[in-house]
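Each chain, written out:
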Amino acid sequence: MDEAQIEKMATSDGGWTDTLHFVLGKSLAGGSVTGDIFDGITPGAIPFARPEISPEPARQELSVELDGPWSFYGEFRRAHGLSNLPHPEPPEIALQGHTTMMIPLWVRNRTGKAQDISLAASIPAGWTAQGGTGKFTVAAKQLAAARIEVLLPAVPESEVKKTEPQEVTVRADSNGQTIGETKLRVEVRKRALPQ
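All of the points below concern the structure found in this document.

Description of empty space enclosed by the protein
The final tally for this structure, using the stated rule, is one cavity of 30 Å³ or more. Empty space within the largest cavity amounts to approximately 30 Å³. Residue lining of the largest cavity: Leu-66, Ile-103, Val-168, Val-170, Thr-182, Lys-183 and Leu-184, and that is the complete set. The dominant element in the lining of the largest cavity, judged by the number of residues it contributes, is strand 9 (residues 177–189), at three residues.

Here it is, written out as structure tokens:
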């Protein structure tokens, strides 16, 4: 932005003059969820405090879950004791139309023998699963990476209203039984950052 645009943004209604809302993730200085953002701030150093790590979630012997940024931030929240931070369920992403969406997955086999796993994706009409679905084998006591690729439809340039997010569901089956299901809410836009 040039100087005039920055000035306009800084002084106009709906620009940077809107009230900011903060969420307390954690604080080593004290404070409370409903208190002032500066509660507990005093001059001087704060003693080191090791973060309280939440226990790792229990998993079935055979399971499937989202990988990539979704698992990274889930693990980050767990490792840093940020359990009270809000996060969307199901996870969300906004992508540019007519690009390929990649859904990274972890498939866990904690059993003592190799397991045949089938992955299927339930996607909205007009979307195309390009790869990653079907059957594969995961060795005993192994964690396997998988990735489903979906071609998103183009958003017409004439489209003026914001599109509603669509839900994608990935289901994993083994021996005729569902071992897990992951959901992802996807908003297709005319323009967006790459995945």
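Looking at the environment of Leu-152
With respect to the helices and strands, Leu-152 occurs in the loop between strand 7 (142–151) and strand 8 (166–174). Under the relative-accessibility criterion, Leu-152 is labelled buried at 1%. When the C-alpha positions of Leu-152 and Pro-124 are compared, they lie 9.5 Å apart, and in sequence the two are 28 residues distant. Excluding its chain neighbours within four sequence positions, the residues that come into contact with Leu-152 are Leu-95, Gln-96, Gly-97, His-98, Thr-99, Met-101, Trp-127 and Val-188.

What about the packing of aromatic side chains?
In total, this model carries two aromatic pairs according to the counting rule given. Ring plane angle 85° and centroid distance 4.9 Å describe the contact between Phe-72 and Tyr-73, whose orientation is recorded as edge-to-face. Here Phe-72 falls in the partly exposed class, since its relative accessible area comes to 48%. Pairing Phe-72 with Phe-76 gives two aromatic rings, centres 6.1 Å apart and planes at 25°, and the pair type is stacked.

Cut-offs and rules
- Residues numbered from 1 in each chain as written.
- Predicted model: local features only at pLDDT ≥ 70, side-chain atom pairs only at ≥ 80, totals over all residues.
- Heavy atoms only, no water.
- 1 Å grid on protein atoms, 1.4 Å probe; cavity = no way out; pocket = protein on both sides within 12 Å on 5 of 7 lines; lining within 4 Å.
- Points joined across faces, edges and corners; volume = space filled by probe spheres on them.
- Helix = DSSP H or I, 4+ residues; strand = E, 2+ residues; numbered from the N terminus.
- Buried < 20%, exposed > 50% of the residue type's maximum accessible area, 1.4 Å probe, protein only.
- Contact = heavy atoms within 4.5 Å.
- Phe/Tyr/Trp six-rings, centres within 6.5 Å; stacked < 30°, edge-to-face > 60°.

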